[in-house]
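# Report on the structure
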Amino acid sequence: TISGKGPSDPKRETKEATEILERQVSAAISCLYVAALLDVARDRLTCANKEGFRHDDSKISSFIKYTDSVVEIVPSLMSLATKTACVRAAKGKRIVLEVMMVGSAWKDQRFSEHCNDYVDAMCLRCARIWDNLSSSPRKLPAHALLQVWKNTVRCCFRSLLEGFSKVVICSMEGRALMSMDLATFYAGCKPDAVENRMQGVFGAPEPPPSVAAAAEYMHHVDAYVKAFYFPEEDLLAWIESNKKNYH
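Attention here is on the structure that accompanies the text. Owing to the predicted nature of the structure, the values given are computational and were not obtained by experimental measurement.

### Here's the deal with the nonpolar core
The biggest cluster of nonpolar side chains holds 56 residues, and the ones touching the most others in it are L21, W106, Y118, F157, L160, F164 and F185. Elements supplying a minimum of two residues to this core: α1 (10–50), α2 (57–90), α3 (92–101), α4 (117–134), α5 (142–165), α6 (172–188), α8 (214–227) and α9 (232–242). With 11 residues, the single largest contributor to this core is α5. Sequence-distant contacts of F185, defined by excluding residues within four places in its chain, comprise V119, M122, C123, C126, V153, C156, F157 and L160.

### Re the environment of T184
Tracing the backbone through its elements, the reader meets T184 in helix α6. Residue T184 is classed as partly exposed on the basis of its relative accessible area of 25%. Those residues in contact with T184 that sit more than four places away from it in its chain are C115, V119 and C123.

### Digging into unusual backbone geometry
One non-glycine residue with positive phi stands out, namely K91, at about 60°. Locating K91 in the fold gives a position in the loop between α2 and α3.

### Some words on the pattern of salt bridges
Counted by the stated rule, this structure contains 10 salt bridges. Here R138 ties to E22 by a salt bridge, and the two come within 3.6 Å at their closest N and O atoms. One end of the pair, R138, is in the loop between α4 and α5; the other, E22, is in helix α1, and 116 residues separate them in sequence. Across the pair E240 and K243 runs a salt bridge whose closest N-O atoms are separated by 3.1 Å. Relative accessible area serves as the criterion here: at 48%, K243 is assigned to the partly exposed category. Three or more residues are tied together by salt bridges with common partners; here these are E13, K91 and R125.

Rules of the game
Residues numbered from 1 in each chain as written. Predicted model: local features only at pLDDT ≥ 70, side-chain atom pairs only at ≥ 80, totals over all residues. Heavy atoms only, no water. Core = buried A, V, L, I, M, F, W, Y, C linked by side-chain atoms within 4.5 Å. Buried < 20%, exposed > 50% of the residue type's maximum accessible area, 1.4 Å probe, protein only. Helix = DSSP H or I, 4+ residues; strand = E, 2+ residues; numbered from the N terminus. Contact = heavy atoms within 4.5 Å. Salt bridge = Lys/Arg side-chain N within 4 Å of Asp/Glu carboxyl O.

If you want it as C-alpha cells, here you go:
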C-alpha cells in the first residue's frame, strides 16, 4: 500500500518501481532520437533531390509525409508516456483509493488537528522516488529528471483531486481536513522537505528541482474543495464557469 502496510518492503518496492519508471522514460526519450534521425534523413533526401539526383519521387513524397507525421506526434507521445509512467510509479490509483478509505473521517463534525496518514505516505514515496532517480547509476538526463519529478508531483495532486471528488458525503469539517491534506502534501513536495526525508544511497542526497507549477496544481485542487463552502446558487455558478477545467 501507499502507507507501507503489508508484507512487502516499501523501500524495495519503491526502488523497483523507480527502476521501471527509468526504463519507461528512457524508452520514451529514445523516440526523440528516432524522430531526429528521420528528420535529418528527410533533409538529406530533399537536398539530394534539389541537386538533381534521380529518385523515385513517389517514394520520396511518401517518406517525407511519414517523417513529418512522426516528428509531429513524437513530442506528444513522449509527454503522454512519461505522465503515464509517473502515475504508475506514484501509485495514483492507490492514492485515490486511500482517500476514499478515510471513510467516516470525512463526515466527522470535529475539526482535525492532523492530516490523514496517507499524506505522509505520499510525501515519503515521492522522496524515495526522487532519491532513487537522482542516485541511480543509470541517471536520466537533467531535463528528463525535471519532467519526471514535475509529472510525479502533478500526478499526486490530480490523484488527490480525483479522490476528493469521489467522497460522496462530506461535512464542512471534512472539507477542512481535505484542505489540510492538500496543504501538507504541497509543503511535503518542496525541495527542502524532500531533502530532509531522503537518505542518499550514493553520497550526499541531491534535492529535487523546485516545481514552479506546484502552487498552480494546489490552487486547482483547493478551488474545488472550497467551492463546497459556497451557497447553492454560487456553487452552481462556479460549476458552470469551471466545468471545462475539471474532468
